Amino acid sequence: MDGNAPSTSDRRAIPARSPAFSYDDLPRHWFASNGMATQMANGVNLLFPSGERFFIRSVKHFADRIADPGLRAQVQGFYQQEARHGAAHQKQFEVLRAQGYDLDGFLRVYERIAWGVLEPMFSPEHRLAVTAALEHYTAIMAEGALAHGTLDLAHPAMQALLKWHACEEIEHKAVAFDVLKAVDPSYATRVWGMVTATVGLVLFWAASTGYLLRQDAKAGRPLSLRALREFRQRRDQSVVRNVFVRGMREYFRRDFHPSQNDNYGLAERYLASAGLAPA
Ligand SMILES: [Fe+2]
Ligand SMILES: [Fe+2]
């Protein structure tokens, strides 16, 4: 196993939690009252539930080959956390449907292409490498949510959902990576996983966002120039620079390990403040 990876004795606990969220008064444009910001956030959320089921399948394929008992325990926590994230996001989808959004047209096409066509084309090692790369992106987004105020202008219910999800993404950010290191430590596998993950995430995220923005426009809620200008002015929230450029720059280092980004404390502090820390 990689020299940077934690040893069995210092592997972190990955507890499963099931907090409840109430979206009763969630406004249509819940993120900064801005249609673009909201639909980008809704757009990536649409990718999560079935994406997280793919992450679980990818790791589970190699479950029997994980010798390290500490990593085996973390893998169990990873399954449970990801399954709960998917379920929590699906509940928020019901609110979007009640607001009149069609999600299922997009979800059907996304799931058919991603998991019906692309997934079977890739080797199990490549699927795991894609998972490890996407987990790096989610950990970076999580850090943005907790440390850089990305969600400061989001509705409190969505902040609560996304910050809980963010903390658990940080808690389990190294699991798929460490399983990949154990079963296929080659740099080429890791890099090709990142390339595939990046292309897939960009295309599906753009498609889901566009799908929702089109519905806003059709319903007489086109993006105003003011909303676009406000969105562009928030350069500190640039997804391209803060997620994709940073993500690839870090991940392509030969000696990269997710634990090198020391953001576990961010998750611990938020979980404690939200009453979600382990007893
Ligand atoms: Fe997740
Ligand atoms: Fe994750």
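Described in the following lines is the structure provided in the data block. (Residues numbered from 1 in each chain as written. Chains lettered and ligands numbered in written order. Predicted model: local features only at pLDDT ≥ 70, side-chain atom pairs only at ≥ 80, totals over all residues.)

1. Topic: the overall build of the protein chain
Our working definition: A run of H or I in DSSP becomes a helix once it reaches four residues, and a run of E becomes a strand once it reaches two; helices and strands are each numbered from the N terminus. As defined in this context, the radius of gyration uses C-alpha atoms, and a globule is described by 2.2 Å times the residue total to the power 0.38. Whether a residue is buried, exposed or partly exposed is read from the other C-beta atoms within 10 Å of its own C-beta, which are placed from the backbone; 20 or more gives buried, 12 or fewer gives exposed, and intermediate counts give partly exposed. Contacts here follow a simple rule: the backbone-placed C-beta atoms of the two residues must lie within 7 Å.
When helices and strands are counted, the protein chain shows ten helices and zero strands. Starting at the N terminus and walking to the C terminus, you meet the elements of the protein chain as α-α-α-α-α-α-α-α-α-α. Here the C-alpha radius of gyration of the protein chain, 18 Å, is about what a compact globule of 279 residues would show, namely 19 Å. Projected onto the principal axes, the alpha-carbon positions of the protein chain cover approximately 55 × 45 × 30 Å. Every one of the 279 residues in the protein chain was classed for burial, and the buried ones make up 36%. Contacts in the protein chain between residues far apart in sequence, at least 24 positions, make up 88% of those at least 6 positions apart.

2. Looking at the environment of His172
By the element assignment, His172 lies in the loop between helix H5 (156-171) and helix H6 (175-183). A count of 23 C-beta atoms within 10 Å places His172 in the buried class. Between the C-alpha atom of His172 and that of Glu82, which follows or precedes it by 90 residues, the distance is 9.4 Å. The residues contacting His172, other than those within four sequence positions of it, are Ile14, Gln74, Gly77, Phe78 and Gln81.

3. Some words on unusual backbone geometry
Most peptide bonds are trans, and most residues other than glycine sit at a negative phi. A positive phi angle is found at Ala32, which is not glycine, with a value near 60 degrees. Checked against the element boundaries, Ala32 lands in the segment before helix H1 (35-60). What makes Ala32 buried here is the crowd of 20 C-beta atoms within 10 Å. Positive phi values are uncommon outside glycine, yet Ser33 reaches one of about 50 degrees. Relative to the assigned elements, Ser33 resides in the segment before H1.

4. A short note on the nonpolar core
Put simply, the rule is: What we call a nonpolar core is a set of buried Ala, Val, Leu, Ile, Met, Phe, Trp, Tyr and Cys residues whose membership is set by joining through C-beta atoms within 7 Å.
Counting 62 residues, the largest nonpolar core has Ala133, Ala176 and Val179 as its most contacted members. Here the element with the most residues in this core is helix H4 (residues 124-147); it accounts for 13 residues.

5. Structural notes on H5
Heads up, the condition is: Helices are assigned an expected span. That span is 1.5 Å times one less than the residue count.
If you check H5, its first and last C-alpha atoms are 22 Å apart, about what 16 residues at 1.5 Å a residue would give, namely 22 Å. Most of H5 sits inside the fold, with twelve of its 16 residues counted as buried. Buried residues of H5: Met158, Leu161, Leu162, Lys163, Trp164, His165, Ala166, Cys167, Glu168, Glu169, Ile170 and Glu171, and no others. In the core, the buried residues of H5 are packed alongside helix H2 (69-98), H4 and helix H10 (264-273).

6. Some thoughts on the packing of H2 against H6
Cut-off, in case you're wondering: An axis is simply a line fitted to the C-alpha atoms; with a helix, the fit covers only the stretch in contact. Between two such axes, the angle follows the N-to-C directions and lies from 0 to 180 degrees. Note that the term roughly parallel is reserved for angles under 35 degrees, roughly antiparallel for angles over 145, roughly perpendicular for angles of 65 to 115, and oblique for everything else. The hand of a helix crossing depends on one turn: near helix anticlockwise from the far one by less than a right angle means left-handed, and clockwise means right-handed. Each residue is assigned to one of three groups, with Ala, Val, Leu, Ile, Met, Phe, Trp, Tyr, Cys and Pro labelled nonpolar, Asp, Glu, Lys and Arg labelled charged, and all others, Gly among them, labelled polar.
Here H2 crosses H6 at 135 degrees, and the two axes come no closer than 10 Å. Between H2 and H6, the interaxial angle falls into the category oblique. Helix-helix and strand crossings are classified by hand; for H2 and H6 the assignment is left-handed. Contacts between H2 and H6 involve Leu71, Gln74, Val75 and Phe78 on the former and, on the latter, Val175, Asp178 and Val179. Tallied by class, the residues present in the contact of H2 with H6 amount to five nonpolar, one polar and one charged.

7. Concerning the packing of H4 against H6
Where H4 meets H6, the closest approach of the two axes is 8 Å, and the angle between their N-to-C directions is 145 degrees. Where H4 crosses over H6, the handedness of that crossing is left-handed. Taking contact as the criterion, the partners of Glu125, Leu128, Ala129, Thr131, Ala132 and Glu135 in H4 are, on H6, Ala176, Phe177, Val179, Leu180 and Val183. In terms of residue class, the contact of H4 with H6 is built from eight nonpolar, one polar and two charged.

8. A look at H2
The end-to-end C-alpha distance of H2, which contains 30 residues, comes to 45 Å, matching closely the 44 Å that a straight helix rising 1.5 Å per residue would cover. Along H2, the residues classified as buried are Leu71, Gln74, Val75, Phe78, Tyr79, Gln81, Glu82, His85, Gln92 and Leu96. Of the residues one or two after H2, Gly100 is the one with positive phi, at around 105 degrees.

9. A few points about the environment of His136
Following the sequence through the fold, His136 ends up in helix H4. Take His136: there are 27 C-beta atoms within 10 Å of it, and that puts it in the buried class. Remark: the alpha-carbon pair of His136 and Glu169, spanning 33 residues in sequence, is separated by 9.0 Å. If we ignore the near neighbours within four places in the chain, the residues touching His136 are Gly247, Tyr251 and Pro258.

10. Quick word on the environment of Glu82
Among the structural elements, Glu82 can be located in helix H2. Excluding residues that lie within four positions of it along the chain, Glu82 makes contacts with Glu52, Phe55 and Ile56.

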